[in-house]
Amino acid sequence: MLEVVVNVNEMERQPATSYPAGTLWKVLRDDNGRKTVLLKLPPGFNMEAHTHLCMEQHYVLEGSYEVDEYVFGPGTYQLIPPNFSHGPFYSKDGAVLLVIWDPVTEHEQKAN
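As the structure is a prediction and not an experimental result, all values here were calculated from the model.

Caption draft 1: Spotlight on the pattern of salt bridges. Going through the model one piece at a time under the given rule, you end up with two salt bridges. Between aspartate 102 and arginine 29 there is a salt bridge, and its shortest N-O distance comes to 3.0 Å. Remark: arginine 29 occurs in strand 2 (residues 24-31) and aspartate 102 occurs in strand 10 (residues 95-102); sequence separation between them is 73 residues. Taking the shortest distance from any N to any O, the salt bridge between aspartate 30 and lysine 35 comes out at 3.8 Å. With a relative accessible area of 57%, aspartate 30 lands in the exposed category.

Encoded structure:
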């Protein structure tokens, strides 16, 4: 594995694929199923519940979003296991999240 260093202040936000219109991201890492992004949710963001084959992590940097009436605000961390239905997501005023997706190893699959 190589060291990766990026300055997010020098990066432009891009449309976030597979997200509702208006959602933007800065992709910090995209390597063999591993992905780390700064995700900017627009005001009124709404996304249905879904699952992933990988582990997903959220850390809220700015703003907030809601899942099942629980509000995730700045400093909130969420770890979502693989194959776990999560959402629906809603953000009234928008938010900025650090989102990390990592595939589950064969060893981790056997342990569960």
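Caption draft 2: Expanded view of the sheet that holds strand 4 (residues 45-47). Here four strands make up an open sheet; going across it, the order is 4-9-6-7 and the pairing antiparallel. Looking at strand neighbours, the two that pair on one side only are strand 4 and strand 7 (70-72), the edges of this open sheet. For this sheet the average axis-to-axis angle between neighbouring strands, irrespective of direction, equals 20 degrees. Pairing geometry for strand 6 (residues 65-67) and strand 7, over three bridges, is antiparallel. Opposite tyrosine 65, over in strand 7, you have phenylalanine 72 as the bridge partner.

Caption draft 3: Representation of unusual backbone geometry in the model. The omega torsion across glycine 87 and proline 88 is 0 degrees, close enough to zero to call that bond cis. Locating proline 88 in the fold gives a position in the loop between strand 8 (77-80) and strand 9 (89-91). Phi at aspartate 68 takes a positive value of approximately 50 degrees, unusual for a residue other than glycine. Along the polypeptide, aspartate 68 turns up in the loop between strand 6 and strand 7. Judged by its relative accessible area of 63%, aspartate 68 is exposed. At glutamate 69, a residue that is not glycine, the phi angle is positive and equals roughly 70 degrees. Topologically, glutamate 69 is positioned in the loop between strand 6 and strand 7.

The rules behind the values
- Along each chain, numbering runs from 1 in the same order as the chain's sequence is written.
- Residues qualify for local features only when their pLDDT is at least 70, as the model is predicted, and side-chain atom pairs are given and counted only at 80 or more; totals for whole chains, interfaces and linings, by contrast, use all residues.
- By convention in this description, side-chain values take in all heavy atoms of the structure and omit both hydrogens and water.
- A pairing counts as a salt bridge when a side-chain nitrogen of Lys or Arg comes within 4 Å of a carboxyl oxygen of Asp or Glu.
- Helix numbers and strand numbers start at the N terminus; a helix is a DSSP run of H or I with at least 4 residues, a strand a run of E with at least 2.
- For each residue, the accessible area found with a 1.4 Å probe, counting protein chains only, is set against the maximum for its type, and the residue is called buried under 20%, exposed over 50%, and partly exposed in between.
- Note on pairing: two strands pair once DSSP finds at least 2 bridges between them.
- Note on geometry: axes are C-alpha line fits, over the in-contact stretch for helices, and angles between N-to-C directions span 0 to 180 degrees.

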